[in-house]
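Now for the letters of each chain:
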Amino acid sequence: MKPPVPIRAAVEKMRAYNPPLEGRTKKLRLDFNENPIGCSPKVRQALAKLTSAEICSYPEQETVRRQMARHFGVRPDELLLTNGTDEALHVIVSTFVEPGDGVLLVEPTYAMYRFYAELAGARICAPRYTAEFPWAEALRLLASGAARVFFLPNPNSPTGNLLALPEIRRILGSAKQTMVVIDEAYFEFSGVTVIPWIRRHANLIVTRTFSKTAGLAGLRLGCIFVNRELAASMRKSQSPYPVNAAALVAAEAAMRDRAFIARTVREVKAGRQQLERGLARLGVRHFPSGGNFVLVYFADRAKKIVAALDRKGILLRDRSSDFGGEGYVRITVGTPAQTSRLLRELEALL
Ligand SMILES: Cc1ncc(COP(=O)(O)O)c(C=O)c1O
C-alpha cells in the first residue's frame, strides 16, 4: 500500500542492515564481542531487588550519572548517559550533521557510524583502513574540512587496529572544522584512552559502553564524554528517558564490582593470546588486535568454516563483505576454556 506521505529519500536509499539477531542464546557466541563470562553476579542481585516503584516510575538518572562521573574521572556535566553507544552515535549525528554534510569513516569499521550518517542524509567519505598510520586520505579530508564528524573507534572493529596517543593527537590537530568521535568501546582491553583530553580539545567527543567488559549488552547502556558546553547542547537532542531503570541499577552494581571487570580483562587477554598462538599453530593468518576479538583470514574456506562451526554450536562473524571478497572472519575472544573448544573444532575442520 502506498503511504500518503513519501518516505524520506535518505531512508529509501539506505540498504537494510541485517546482522544475525536471533537464536543466539544457546550457542557459544563468539560473533558480537560480548562478555564471554556474562555479567557480574552483583548486577543480577541488584536487578532482583528492583522495586515496583522503580519499575513503574519514569527512570531518574542523576544519582547514577554522578557515580559514573566519579568512576570515569570527569565532572557530571561532562557526561551523557545513552541507550548504548548506538544512541550516542545518533545523538552526535543529530547534533552536528545536516543533510548533505560530510561524515568521515575509515572502513571497514563499526557499521552503525554509516547507518546513522546515512539516516541523516549525510555524504559519506570513507577511505580504507590500512594498518599503518598516517592515513593520508583521511588526514587530507580532515584538513580540508570536508567532514562535520569523524567516527574513529580505537581499537577499530573488525580490524583490531589500535592507535597510540600521539596518532590521535595528530588527528585532532588536523581536524580544525570536524568533530572527532573516539569510540572507546574496547578500552578495557587496550588501555588507551583520551577521556582526560575533553577539556583541552573542543573538537573531541569520546564514547564508552557497558556492553563489552561490564557484560550489559542486553540492557543497552553507553555514555558520551565531552566538554560541558557541548554536553548541554547534545542533551537537547536526547529524549528525557534514554536509559531505563534496570540499566541504571545494573550500572551502579557493575561499577562497584571492579573484581569482575578485572577478571574479564584477565581472562580475555589470556584467551586472546591463546587464540593467537592456536591460530599461528594452525597456519591461519590473523591480525594484531587491541580488542576482545581477532580478525582472521580463511581465504576461500571462510563461508564453509563459519557454517560448519555454526552447526557445532559456535558462532563467528563473517566480515568478508566488509573487505569486498571472501575470507575475513572476526572471532570474539572467549574464556580460555571456550577458546580451547573453538581451536579443537577448527583444527578438526582444517
Ligand atoms: C566499535 C564499537 N562501538 C560500539 C559498539 C556497540 O556498543 P553498544 O552496545 O553500547 O551500542 C560496538 C559493538 O560491537 C563496537 O564494535
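Please refer to the structure placed before this passage.
Going along each chain's sequence as written, the residues are numbered from 1 onward. At least 70 in pLDDT is required for a residue's local features to be given in this predicted model, at least 80 for side-chain atom pairs to be given and counted, and no such filter applies to totals for whole chains, interfaces and linings, which use all residues. Side-chain numbers come from the whole structure's heavy atoms, not from hydrogens or water.

Peer 1: Help me get a handle on the overall build of the protein chain, residues and values and all.
Peer 2: Helix and strand definitions here come from DSSP, where helices need a minimum of 4 consecutive H or I residues and strands a minimum of 2 consecutive E residues; each element is numbered from the N-terminal end. Counting its regular elements, the protein chain contains 15 helices and 13 strands. Radius of gyration here is computed from C-alpha atoms only, and the compact-globule reference equals 2.2 Å multiplied by the residue count raised to the power 0.38. Relative to the 2.2 N^0.38 estimate, which gives 20 Å for 350 residues, the radius of gyration of the protein chain is 20 Å and therefore close to what a compact globule would have. A principal-axis box enclosing the C-alpha atoms of the protein chain has dimensions of 55 × 55 × 50 Å. Residue burial in the protein chain is summarised as follows: out of 350 residues, 52% are buried. Across the protein chain, every contact between residues at least 6 apart in sequence was considered, and the portion connecting residues at least 24 apart equals 72%. In summary, the charge assignment counts Lys and Arg as positive and Asp and Glu as negative, without counting His or the chain termini. We put the charge of a Lys on NZ, of an Arg on CZ, of an Asp on CG and of a Glu on CD. Averaging the positions of the 50 positive and the 33 negative side-chain charges in the protein chain gives two centres separated by 2 Å. Only protein chains enter the calculation, and the probe is 1.4 Å; a residue is then buried if its accessible area is under 20% of its type maximum, exposed if over 50%, and partly exposed in between. The contact criterion used throughout is that any non-hydrogen atoms of two residues lie within 4.5 Å.

Peer 1: Could you give an account of helix H11 (residues 245–256), naming the residues involved and the relevant values?
Peer 2: With 12 residues, H11 extends 17 Å from end C-alpha to end C-alpha; this agrees with the ideal 16 Å at 1.5 Å per step. Within H11, 10 of the 12 residues are buried, which leaves the element mostly enclosed by the surrounding structure. Taken as a whole, H11 has its buried residues at Ala-245, Ala-246, Ala-247, Leu-248, Val-249, Ala-250, Ala-251, Ala-253, Ala-254 and Met-255. Structurally, H11 contributes buried residues whose contacts are with helix H2 (41–48), helix H3 (52–56), helix H4 (62–72), strand E2 (79–82) and helix H12 (258–281). Any pair of N or O atoms that falls within 3.5 Å is considered a polar contact. Within protein, one atom must be able to donate a hydrogen and the other to accept it, and sequence-neighbouring residues count only if both atoms are side-chain atoms. The opening residue of H11 is Asn-244, an N-cap whose side-chain oxygen sits 3.0 Å from the backbone nitrogen of Ala-246. Helix span, as expected, comes to 1.5 Å for every residue beyond the first.

Peer 1: Could you give me a rundown of the pairing of strand E7 (residues 204–209), with the residues and numbers involved?
Peer 2: Within E7, 6 of the 6 residues are buried, which leaves the element mostly enclosed by the surrounding structure. If DSSP finds at least two bridges between two strands, the strands pair. Judged from the 4 bridges that link them, strand E6 (residues 179–183) and E7 form a sheet pairing that is parallel. When the bridges of E7 are listed, Ile-182 appears paired with Val-206. In this sheet, strand E8 (residues 222–225) lies alongside E7 in antiparallel orientation, the contact comprising 4 bridges. By the bridge assignment, Arg-208 is partnered in E8 with Cys-223.

Peer 1: So what's going on with the sheet that holds E8? Which residues, and what values?
Peer 2: Read from one edge of the open sheet, 7 strands run E2-E8-E7-E6-E5-E3-E4, paired in mixed fashion. If you trace the sheet from one side to the other, it starts and ends with E2 and strand E4 (123–125), each paired once. The average undirected angle you get between the axes of adjacent strands in this sheet is 20°. As judged from the 5 bridges shared by strand E5 (residues 149–153) and E6, these two strands associate in the parallel manner. Bridging across to E6, Pro-153 finds its partner in Asp-183. Angular values range over 0 to 180 degrees, each being the angle between N-to-C directions of two axes fitted as lines to C-alpha atoms, with helices fitted over their stretch in contact. Helix H5 (residues 84–96) rests against E2, E5, E6, E7 and E8 of the sheet, and its axis sits at about 160° to E7.

Peer 1: A description of the nonpolar core should follow, citing residues and the corresponding values.
Peer 2: Put simply, a nonpolar core is a bunch of buried Ala, Val, Leu, Ile, Met, Phe, Trp, Tyr and Cys residues held in one set by side-chain atoms that sit within 4.5 Å of each other. In this structure, Met-68, Trp-135, Phe-150, Ile-171, Phe-210 and Phe-225 are the most contacted members of the largest nonpolar core, which totals 53 residues. No other element matches the 9 residues that H11 contributes to this core. Filtering out sequence-adjacent residues up to four positions away, Phe-210 remains in contact with Met-68, Phe-72, Gly-215, Leu-216, Ala-217, Leu-221, Cys-223, Ala-251 and Met-255.

Peer 1: Give me the lowdown on the side chain of Arg-330, citing residues and values where you can.
Peer 2: Topologically, Arg-330 is positioned in strand E13 (residues 328–332). Salt bridges are defined by distance alone: a side-chain nitrogen of Lys or Arg within 4 Å of a carboxyl oxygen of Asp or Glu. Despite its burial, Arg-330 pairs with no opposite charge, the nearest such side chain being Asp-31 at 6.8 Å.

Peer 1: Any details on the side chain of Thr-85? Residues and values, ideally.
Peer 2: Of note, Thr-85 is situated in helix H5. We classify Thr-85 as buried; its relative accessible area is 8%.

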